[in-house]
Amino acid sequence: MAAVVKKILCAVDLSEHSAQVAEYAALFASKLGAELYVVYVAPTLSQYTGFKVPQSDIHAFVGEIVSGAQASMNDFCAAHFQGLNVKNEVLVGYASDEILAKAKRDCVDMVIMGTHGRKGIDRILFGSVAEKVVKNSEVPVLTIHPDK
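Conventions we followed
Residues numbered from 1 in each chain as written. Predicted model: local features only at pLDDT ≥ 70, side-chain atom pairs only at ≥ 80, totals over all residues. Heavy atoms only, no water. Helix = DSSP H or I, 4+ residues; strand = E, 2+ residues; numbered from the N terminus. Expected span 1.5 Å × (residues − 1). Buried < 20%, exposed > 50% of the residue type's maximum accessible area, 1.4 Å probe, protein only. Axes fitted to C-alpha atoms, helices over the stretch in contact; angles between N-to-C directions. Left-handed = near helix turned anticlockwise from the far one by under 90°. Contact = heavy atoms within 4.5 Å. Nonpolar A, V, L, I, M, F, W, Y, C, P; charged D, E, K, R; others polar. Salt bridge = Lys/Arg side-chain N within 4 Å of Asp/Glu carboxyl O.

A. Quick peek at helix 1 (residues 18-32). Here helix 1 spans 21 Å end to end across 15 residues, near enough to the 21 Å set by a 1.5 Å rise per residue. Listed in full, the buried residues belonging to helix 1 are S18, Q20, V21, A22, A25, A26 and A29. The positive-phi residue at the C-terminal boundary of helix 1 is G33, with phi of around 65°.

B. Main features of the packing of helix 3 (residues 95-105) against helix 5 (residues 129-136). Where helix 3 meets helix 5, the closest approach of the two axes is 9 Å, and the angle between their N-to-C directions is 35°. The interaxial crossing formed by helix 3 with helix 5 has right-handed handedness. Contact residues: A95, S96, I99 and L100 in helix 3; V129, K132, V133 and N136 in helix 5. Taken together, the residues of the contact of helix 3 with helix 5 break down into 5 nonpolar, 2 polar and 1 charged.

C. Structural detail: the environment of V129. With respect to the secondary-structure elements, V129 resides in helix 5. You can call V129 partly exposed: its relative accessible area is 33%. When the C-alpha positions of V129 and D97 are compared, they lie 8.8 Å apart, and in sequence the two are 32 residues distant. In this structure, V129 is in contact with A95, S96, I99 and M113, ignoring residues within four places of it in sequence.

D. Representation of the pattern of salt bridges within the structure. Taken as a whole, this structure holds 5 salt bridges when the rule is applied. For the salt bridge of E138 with K104, the shortest nitrogen-to-oxygen distance reads 3.0 Å. With E138 in the loop between helix 5 and strand 5 (141-144) and K104 in helix 3, this pair connects stretches of sequence that are 34 residues apart. Classification of K104 by relative accessible area gives exposed; the value is 56%. A salt bridge links K135 to E131, with the nearest nitrogen and oxygen atoms 3.0 Å apart. Within this pair, K135 and its partner E131 are both found in helix 5, separated by 4 residues, close to a single helical turn. Residue class for E131 comes out partly exposed when judged on its relative accessible area of 27%. In this structure, a network of salt bridges that share partners links the residues E89, K102 and D106.

Right, here's the structure in full:
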């Protein structure tokens, strides 16, 4: 039985590399006639609530990040996905967890995302969002390595 791809999740970090990821996502979505779900995951700051920073300040700051990111996402999608069936969303949390949960919740058939290609100590310290998604995804994941 041939694979059918009707929904694609495109995860971006809104860096300069995201344009390359968007190019692949747009190509796949247009060729397959698929819906495109574009997500950006803002980091959670809940781990800082124990550092004498009022929780209300942390929530206000996260709210500002989310509203700024949503404006950036709207601009990004308008610039890179014209003429496609696109929905964009800013999520808050750990990127790999949120990407996997969104993929499952929306029953996507494929995930497209970038990888920064960290090696050595950087990879040990920061981990790899892409690696976690690839290892735990129930659907195929296309990772795009940035051009040098």
